[in-house]
Amino acid sequence: MPVRVPKAARLGEGEARTFAYVEAGELREGFVLRAGGRLVAYRNRCPHLGVDLDMGTGAFFSAKLGRIYCHTHGATFEPATGRCDAGPCLGQALEPLGVRVEGEDAVVSASPGGVRNGCA
Ligand code: FES
């Protein structure tokens, strides 16, 4: 079921917003991030140990590295693909969520066949 993230389309470069969603009967957390001018959305879960990437800080992106990063052991992830390019989960990837813009909001879909990750 799609989740509306209010005013997420107004996020500045490197800014993110978390939201809750249900998938497979489980309450999960995701985040919408603007990186490289595009909105992307992923589940807030590091593939290394399954913990929150941001440790509750709301910060997911390093402008210095140009990467999403995990606060626990420092793994870095390409914003456009979610693929880990450095750290203990090298070669693994974040779980992508579909995202589209509706007015000032982002609408995120976790369901298969949902909108493709990444939009302007
Ligand atoms: S838990 Fe994320 S890199 Fe180890």
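Residues numbered from 1 in each chain as written. Predicted model: local features only at pLDDT ≥ 70, side-chain atom pairs only at ≥ 80, totals over all residues. Heavy atoms only, no water.

Re the pairing of strand S2 (residues 16-23)
Where S2 lies against strand S3 (residues 26-35), eight bridges are found, and the strand directions are antiparallel. Of the residues in S3, the one forming a bridge with Val 22 is Leu 27. Joining the antiparallel neighbours S2 and S3 is a turn of two residues, in which Ala 24 adopts a positive phi near 55°. (Pairing = 2+ DSSP bridges. Helix = DSSP H or I, 4+ residues; strand = E, 2+ residues; numbered from the N terminus.)

Regarding the sheet that holds strand S8 (residues 84-86)
Taken in spatial order, the four strands make up an open sheet running S5-S6-S7-S8, and their pairing is antiparallel. In the strand order of this sheet, the two ends are held by strand S5 (61-62) and S8, each with one partner.

Notes on the side chain of Arg 34
Within the secondary structure, Arg 34 sits in strand S3. One buried charge, Arg 34, has no salt-bridge partner; the nearest side chain with opposite charge is Glu 13, at 5.8 Å. Among the polar contacts listed, one links the side chain of Arg 34 to the backbone oxygen of Leu 11, at a separation of 2.7 Å. Of the polar contacts made by the side chain of Arg 34, one reaches the backbone oxygen of Gly 37; its length is 2.8 Å. (Buried < 20%, exposed > 50% of the residue type's maximum accessible area, 1.4 Å probe, protein only. Lys, Arg positive; Asp, Glu negative; His and termini not counted. Salt bridge = Lys/Arg side-chain N within 4 Å of Asp/Glu carboxyl O. Polar contact = N/O pair within 3.5 Å; in protein donor to acceptor, adjacent residues only side chain to side chain.)

Re the sheet that holds strand S4 (residues 38-43)
Taking strand neighbours across the sheet as the criterion, the six strands line up as S1-S10-S9-S4-S3-S2 in an open arrangement whose pairing is antiparallel. Edge positions in the open sheet fall to strand S1 (3-5) and S2, since each of these has one partner strand only. Ignoring strand direction, the axes of neighbouring strands in this sheet form an average angle of 30°. Pairing geometry for strand S9 (residues 96-102) and strand S10 (residues 105-109), over five bridges, is antiparallel. In the strand pairing of S10, Gly 98 is matched with Ser 109. (Axes fitted to C-alpha atoms, helices over the stretch in contact; angles between N-to-C directions.)

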